[in-house]
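# Working through the structure, step by step
As a plain string of letters, each chain reads:
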Amino acid sequence: MWLFGYGSLIWRPGFEHVRSEPARVHGWLRRFYQGSPDHRGTPGSPGRVLTLVEQAGAVCEGRAFLLPEAGRDGVLAALDHREQGGYRRHPLVIELGQGEEVAGFTYLAASDNPHYLGPASADEIAAHVACSVGPSGPNRDYVLELDRALRRRGIEDPHVSEVARHLERLV
Ligand code: BEZ
């Protein structure tokens, strides 16, 4: 069973896996449209974190993780708990580094979940992120870590880098 990571799972998986490799999914965009009441914000002042948004023709580059057969239920239960703030498992086809397609899943926060914040401009998102903090730390660290992790891996994501550049000017 393969899991596609497009956010913090890329640089901090924190779960047991057999191997991981660069991967992409077609028809999805990475966006800071999800509210975070539990990690990078609080229930009264949620931060902004990633989800995937469906768009025909789009490609989202990330990382695929092969989960172990033995103990898989425990790994999934821990991930479900970590991503409980509006995310659910969503099945999709993952293209691995060599072009091989495998069936897998990701965690995404759909627009009908109670924490969804939806679209905003890059400077609005940056302003929101700059003043949000939660139990997992400042929201700005999440965005700037993500931006660095993507660039280190040669992944270009204009949405992420635009928000990160606005944020760097603010903090
Ligand atoms: C990820 O890194 O793929 C991820 C992003 C948001 C929620 C769960 C996982």
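Scroll up to find the structure this text is about.
In this report, we go over the structure that sits alongside the text. All figures in this text were calculated on a predicted structure; none of them were measured in a lab.

Rules used throughout
Residues numbered from 1 in each chain as written. Predicted model: local features only at pLDDT ≥ 70, side-chain atom pairs only at ≥ 80, totals over all residues. Heavy atoms only, no water. Near = heavy atom within 4 Å. Polar contact = N/O pair within 3.5 Å; in protein donor to acceptor, adjacent residues only side chain to side chain. Areas by Shrake-Rupley, 256 points an atom, 1.4 Å probe, with all protein chains shown as cover. 1 Å grid on protein atoms, 1.4 Å probe; cavity = no way out; pocket = protein on both sides within 12 Å on 5 of 7 lines; lining within 4 Å. Sits in = over half its atoms within 2 Å of the grid points. Helix = DSSP H or I, 4+ residues; strand = E, 2+ residues; numbered from the N terminus. Nonpolar A, V, L, I, M, F, W, Y, C, P; charged D, E, K, R; others polar. Pairing = 2+ DSSP bridges. Axes fitted to C-alpha atoms, helices over the stretch in contact; angles between N-to-C directions. Points joined across faces, edges and corners; volume = space filled by probe spheres on them.

Once that is clear, we can look at the site of the ligand. Looking at the ligand, the residues that line it are Phe4, Gly5, Tyr6, Gly7, Ser8, Leu9, Leu50, Glu83, Tyr87 and Tyr107. A distance of 3.1 Å separates an oxygen atom of the ligand from a polar backbone atom of Ser8. About the coverage of the ligand: the protein hides 98% of its 260 Å² of free accessible area. In this structure, the ligand is accommodated by the largest pocket. Every element with two or more residues in the shell around the ligand is listed here: strand E1 (2–5) and helix H1 (8–11). Class assignment for the residues of the shell around the ligand results in six nonpolar, three polar and one charged.

Reading around the circumference, E1-E3-E2-E4-E5 is the order of the five strands in this closed barrel, with mixed pairing throughout. On average, each strand axis in the sheet is tilted by 55° relative to the strand beside it, whichever way the strands run.

There is about 380 Å³ of room inside the largest pocket. If you trace the largest pocket, you find 24 residues lining it, with Ser8, His39, Glu83, Tyr87 and Tyr142 closest to the centre. Sorting the residues of the lining of the largest pocket by element identifies E1, H1, strand E2 (19–36), strand E3 (47–66) and strand E5 (101–108) as the ones contributing at least two each. Considering every element that reaches the lining of the largest pocket, the biggest residue donor is E1, with three residues. A class-by-class count of the residues in the lining of the largest pocket yields ten nonpolar, nine polar and five charged.

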